[in-house]
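# Summary of the model geometry
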Amino acid sequence: MSFNNPSYYNAYKCIEQIPLDPIAKHRDEMFERSAELFKSIHQSVQQPLNTTDKCKTRSKSELAKISSNYRKLVQDYLLPSTNNKSFTEILERKGAVTLLNQGHYRQLLALWDLCDILYFTDGDERMTGVKLLQWLNNIDKGIHRYDIQGIMNNPKGPIDHHDFWPCIYKLIFRRDFNLLIQLLKMSKNKPPTSKEASQLLDHLLRATIDVPSIPNNPDQDAMYKYMLDWTKWREKVYRMAESLQKTDRVASVMMHQKSLLNALAILHGQSKPIINQADHAAEAIVSIVVNTKPFATPDEIRSIVSELDLSLKRQQQHHDDRFYSYAMLIQGSIAEGLEFFKPDDWWTLVHLVDLFGLTADSNSISSLSSSGYIATIDVQLFGGPDDNQRYSIHFRTFLILVYVRLLSQQSNLWQYGLDYISTCGVLGQMALMNYIQSMPNKNTVGTERLLNYCMEHGYVKEVTEFYKCQAKRGIKDSYSKAIHYLYSVGEYSLLEEICELAIYHFAHSGELTDIGDIETQIQSYCEPLPRIAFYIEFFKLHNLYKQQNYGEAAEVLYDLLMSSDTNNSKFTPFLFIEGFTMLDDRFAQYSENQIMSVLYMLHDMFNQDRLDGLDLVASYFTRIKIFDIEKIDSQYYQDVVKKLFREHVELVANRYIHYKQLILNSNTSQQQSLLFYQQQP
C-alpha cells in the first residue's frame, strides 16, 4: 500500500479518535526507562517509514534478557517491596495511587510472567508445565477461600460439608498433595463419618500417597524413571476407578463415590472432568498439561491444548476475563488472549506485542509465536458515525501509534515517541506529522533530534511541517530555514506554500523571513512560481527601504500592486497598506498616473467585491494595534476589516490630495477625481 492510499489515511484517522486517559504521574520514570530500552532494542534495525513495519528477530537468550528488563520495570516502579517497611514508608516513597492499584499491577506482572514462561524463556523448556503450575499458584490462591477448619468441624462429618469435594479438587489441581493427605487422614477418621465414606476416602488417600513427584531439573535418566513410575501409577488409578464404578452403594454414599471418581479422573489427567471442575480455563489447561505431559515444551503444550473447548469456562467466569485470556495465551492465541485481558494499559500491550514481533521461533506450531504471526494480526477499526467502512491495521502498529499519541500528551515524555514511530512503516510516517504538531514548546533536544531524523530520511513534508510548527511557536528564523531547506532539495511546490506563510507571518509579527540569494538561483526554474516570485520582490522592497533607496522601493511596490498575476491578488490589500505606510509621504516617488492607477484598481476591487486577503489586513491592523482581532465578533469580522481598509485607502487618497495642493498646486477637477472613496456607501 502506498503512503497516499486512502485506507491508510482513514485507518490513522480512526486511531486519532480513540480517547486516552493521561499517564499517571507516578509512572513517568517507568515510561522514560522503557523508552530507552525500546530504543536500544530497535536502534540498529530501524526501517525507513516508507516501508512496511518490520523488526529483526532476536535469539532466545536476547529475548529473555529484554523481557526480564521490562518485567523489572513493572516490579520496581509499580510493585514496591514491603520488606521491613511500614505502610507509611511505602506510601511516602511510591504514593497513594501506586498502592491503590496494586491488584491491577499484579495482573500486569502475571501476564508478563506467563509470556516469559511460554515465549521468552531461555531455560529448560521441559520444565514449562511445572513453571505454569508455580505461576498459577502465585497469582490465584484459590485454596484460601475454603474454610478447612469449618469443613473439619462440620456436625455431619467433613465429607458432608458442601465445600469438602471442591476443596479436594482444588488441592489436586494445585498438586498440594501434602495438605491433601493430611485432610484425607483427618476426615476419614472424624466422627460421625460412616465406614463406607471412610473407605471411599481411603481409596483417594492411597492414590494420592503413591503419586510420583515430578523431579526438579531432571536429566534424561530421571525423566525416564519418572515417566515409568507415572505410567504404572496411572494404570493403578484407572483400575481403582474401574473397580469403584462396579460397586453398588447406598444413595448417600453413591453421591460421594461420584465425587471420588471425579477426583481420580482429575489425577489421571482426563480433560472433561478437569474442565468441568476447574474454577477457570487457565486452571484447567495447567492441570491437563501437568497430569498428562509434565515435560512438554511450550510448542508441545500448544499442540496438546489447542483443541480444547474452553468456551463454557469463559461463560462461567464472565466476571473475570483475565483467566480466560491466560488460557488463550497458553493455547497460542496471542491476539485473542491480549484482547480479552483488559488492563487498559497501553504500556504493557505495546512492549509485550513488540517482544512477540522479535521472536524467531518460526518453526513452532502454525508459527504461533513467530514474528510473522504477529504481523498477520489485523485490528478492525470503524470509521465513525459518518463512515461505515472498516479499516485494517497491523496489531503491533495499531498499539504503537496509540501509545505515541499517549506519550505526546505529556511534554516530558513527548520526545520518546520518535523511537516508537520509527518502527511502524508507512503509517508511522502519517503519525509523524501529528507527532510533529504535538511538539512541546520547551524540549530543544527532542525537537533537534526529530528534525535531524526527518532530514536524514528525506522526509521533506515532515521537515516543512516541523518548521511551520516552530514558526507558530515563535521560534525565530523558522520560515527562513524552511525556505533554504526546500530550495536545497528542489521542492518548489512546498517552497511556494512557505513563501505565502512567510507573508502571513510578517503581517502578524513584523518579522521578515530572510531568503538569502535564492532569487538569482531560482531563475532557471521553468515552471511559474507566483508566490515565490512575489515574496522575492516583497523581500527586495523591504531591503530597499532599509537602504533608504526610496525611488527603487516605490517602483517595486507599484509593480507588485499592479501585477496581473491573479494568484497573488490576496496580497494586494495588505501590500497597499503596509507599503504606503512604510514609504510614508514620499509621493514624489510616484507619477500621478501611478497613484491614480492604484487607487482605481482598489476602487474596482470594492465595487466588484473582489477584496481577498482581509485576514492579512486584520493581522496587520492587530499588530499595529488599530484593533484586536480576538475581540471582534466573527459575524461582523469581514465588515469591520473591510470598513477599516476603506478608511485607510481614503486616508492615503486624502494625503495625496494634500500633497498635490502643497507641491503641485493641483486644480479642483483633479481633487474631485480622488474623492470617489468618500462617496461610496
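Residues numbered from 1 in each chain as written. Predicted model: local features only at pLDDT ≥ 70, side-chain atom pairs only at ≥ 80, totals over all residues. Heavy atoms only, no water.

Moving on, we come to the overall build of the chain. Regarding its fold elements, the chain presents 36 helices and two strands. Relative to its 681 residues, the chain shows a buried fraction of 52%. Residue pairs in contact within the chain that sit at least 24 positions apart in sequence constitute 69% of those at least 6 positions apart. (Helix = DSSP H or I, 4+ residues; strand = E, 2+ residues; numbered from the N terminus. Buried < 20%, exposed > 50% of the residue type's maximum accessible area, 1.4 Å probe, protein only. Contact = heavy atoms within 4.5 Å.)

Here we come to helix α12 (residues 251–268). The first and last C-alpha atoms of α12 sit 25 Å apart over 18 residues, in line with the 26 Å expected at 1.5 Å per residue. Within α12, the full set of buried residues consists of Val253, His256, Gln257, Ser259, Leu260, Leu261, Ala263, Leu264, Ala265, Ile266, Leu267 and His268. Against α8 (164–173), α9 (177–188), α10 (195–209), α11 (220–245), α13 (271–277) and α14 (281–292) lie the buried residues of α12. Of the residues flanking the end of α12, it is glycine 269, one or two places downstream, whose phi is positive at about 90 degrees. (Expected span 1.5 Å × (residues − 1).)

Moving on to helix α21 (residues 395–408). In an α-helix, one full turn covers 3.6 residues, which means residues spaced three or four apart are oriented alike. End to end, α21 covers 20 Å across 14 residues, agreeing with the expected 20 Å (1.5 Å per residue, within 8%). For α21, a buried count of 14 out of 14 residues is recorded, marking the element as mostly surrounded by other parts of the structure.

Our next topic: the packing of helix α31 (residues 572–583) against helix α33 (residues 614–623). Where α31 meets α33, the closest approach of the two axes is 7 Å, and the angle between their N-to-C directions is 35 degrees. Along the contact surface, α31 presents Pro573, Phe574, Ile577, Glu578 and Thr581, while α33 presents Leu616, Val617, Tyr620 and Phe621. Classifying every residue of the contact of α31 with α33 gives seven nonpolar, one polar and one charged. (Axes fitted to C-alpha atoms, helices over the stretch in contact; angles between N-to-C directions. Nonpolar A, V, L, I, M, F, W, Y, C, P; charged D, E, K, R; others polar.)

This next bit is on the side chain of arginine 58. Locating arginine 58 in the fold gives a position in the loop between α2 (28–42) and α3 (60–78). Despite its burial, arginine 58 pairs with no opposite charge, the nearest such side chain being glutamate 62 at 4.3 Å. Among the polar contacts listed, one links the side chain of arginine 58 to the backbone oxygen of isoleucine 41, at a separation of 2.2 Å. (Lys, Arg positive; Asp, Glu negative; His and termini not counted. Salt bridge = Lys/Arg side-chain N within 4 Å of Asp/Glu carboxyl O. Polar contact = N/O pair within 3.5 Å; in protein donor to acceptor, adjacent residues only side chain to side chain.)

Attention now goes to unusual backbone geometry. Geometrically, the link from proline 191 to proline 192 is a cis peptide bond, its omega value of 0 degrees lying close to zero. Within the element layout of this structure, proline 192 appears in the loop between α9 and α10. Positive phi is not limited to glycine here, since arginine 175 has a value of about 55 degrees. By the secondary structure assignment, arginine 175 is in the loop between α8 and α9. Looking at arginine 175, the relative accessible area reads 18%, which means it is buried. A positive phi angle, close to 60 degrees, is found at glutamine 548, a residue other than glycine. In this structure, glutamine 548 sits in the loop between α29 (530–546) and α30 (550–561). Judged by its relative accessible area of 57%, glutamine 548 is exposed.

Below, the discussion takes up the packing of aromatic side chains. How two aromatic rings sit relative to each other is set out by the distance from centre to centre and by the angle between their planes. Enumeration according to the criterion identifies 33 aromatic pairs in this entry. Aromatic pair tyrosine 403 and tyrosine 420: ring centres 5.1 Å apart, planes at 65 degrees, arrangement edge-to-face. Of the two residues, tyrosine 403 sits in helix α21 while tyrosine 420 sits in helix α22 (residues 417–421), which places them 17 residues apart along the sequence. Each member of the pair, tyrosine 403 as well as tyrosine 420, is classed as buried. Considering the side-chain rings of tyrosine 545 and tyrosine 550, the 5.7 Å spacing of their centres and the 55 degrees angle between planes classify their relative orientation as tilted. Lying across the ring of phenylalanine 506, arginine 623 places its NZ or CZ 5.2 Å from the centre. The positively charged end of arginine 646 is found above the aromatic ring belonging to phenylalanine 606, 4.1 Å away from the centroid. (Phe/Tyr/Trp six-rings, centres within 6.5 Å; stacked < 30°, edge-to-face > 60°. Lys NZ or Arg CZ within 6 Å of the ring centre and 35° of its normal.)

With the rule as written, the count across this model stands at 25 salt bridges. In this structure, arginine 531 and glutamate 500 form a salt bridge, with 2.8 Å as the shortest nitrogen-oxygen distance. Taken together, the positions of arginine 531 in helix α29 and glutamate 500 in helix α27 (residues 492–509) put the pair 31 residues apart, joining distant regions of the chain. With a closest N to O distance of 2.6 Å, glutamate 647 and lysine 643 form a salt bridge. Residue glutamate 647 and its partner lysine 643 are located together in helix α34 (residues 637–663), separated by four residues, close to a single helical turn. Residue lysine 643 is classed as exposed on the basis of its relative accessible area, which comes to 52%. What you see here is one network of salt bridges that share partners, running through Asp140, Arg145, Lys170, Arg174, Asp279 and Glu283.

Turning our attention to the nonpolar core. In terms of nonpolar packing, the biggest core is built from 217 residues, with Tyr70, Trp165, Ile168, Leu264, Leu450, Phe576 and Phe580 touching the most fellow members. If you tally residues by element for this core, the top one is helix α5 (residues 102–119), at 11 residues. Setting aside anything within four residues of it in sequence, one finds leucine 264 in contact with Leu204, Ala207, Val237, Met240, Ala241 and Leu244. (Core = buried A, V, L, I, M, F, W, Y, C linked by side-chain atoms within 4.5 Å.)

Another point: the environment of isoleucine 304. Within the secondary structure, isoleucine 304 sits in helix α15 (residues 298–305). Residues isoleucine 304 and glutamine 331 lie 27 residues apart in sequence; the distance between their C-alpha atoms is 8.5 Å. Residues within four places of isoleucine 304 in sequence aside, it is in contact with Ile288, Lys293 and Ala296.

This brings us to the environment of isoleucine 518. Checked against the element boundaries, isoleucine 518 lands in helix α28 (residues 518–522). Those residues within four positions of isoleucine 518 in sequence are excluded, and the remaining contacts are Ile483, His484 and Tyr487.

Attention now moves to the packing of α31 against helix α32 (residues 592–607). It is at 11 Å that the axes of α31 and α32 come closest, and there the two elements cross at 145 degrees. Both α31 and α32 take part in a crossing whose hand is left-handed. Between α31 and α32, the residues in contact are Thr572, Phe576 and Phe580 and Ile595, Val598, Leu599, Met601, Leu602 and Met605, respectively. Across the contact of α31 with α32, the residue classes break down as eight nonpolar, one polar and no charged. (Left-handed = near helix turned anticlockwise from the far one by under 90°.)

Time to look at the confidence of the model for the chain. This prediction gives the chain a mean pLDDT of 83; 83% of its residues lie at or above 70. Of all helices and strands in the chain, the one with the weakest mean pLDDT is helix α36 (residues 676–679) (45), whereas α8 scores best (96). Within the model, the stretch residues 46–53 combines pLDDT values under 50 with 29 contacts to residues more than four positions away or in other chains. (pLDDT = per-residue confidence, 0-100.)

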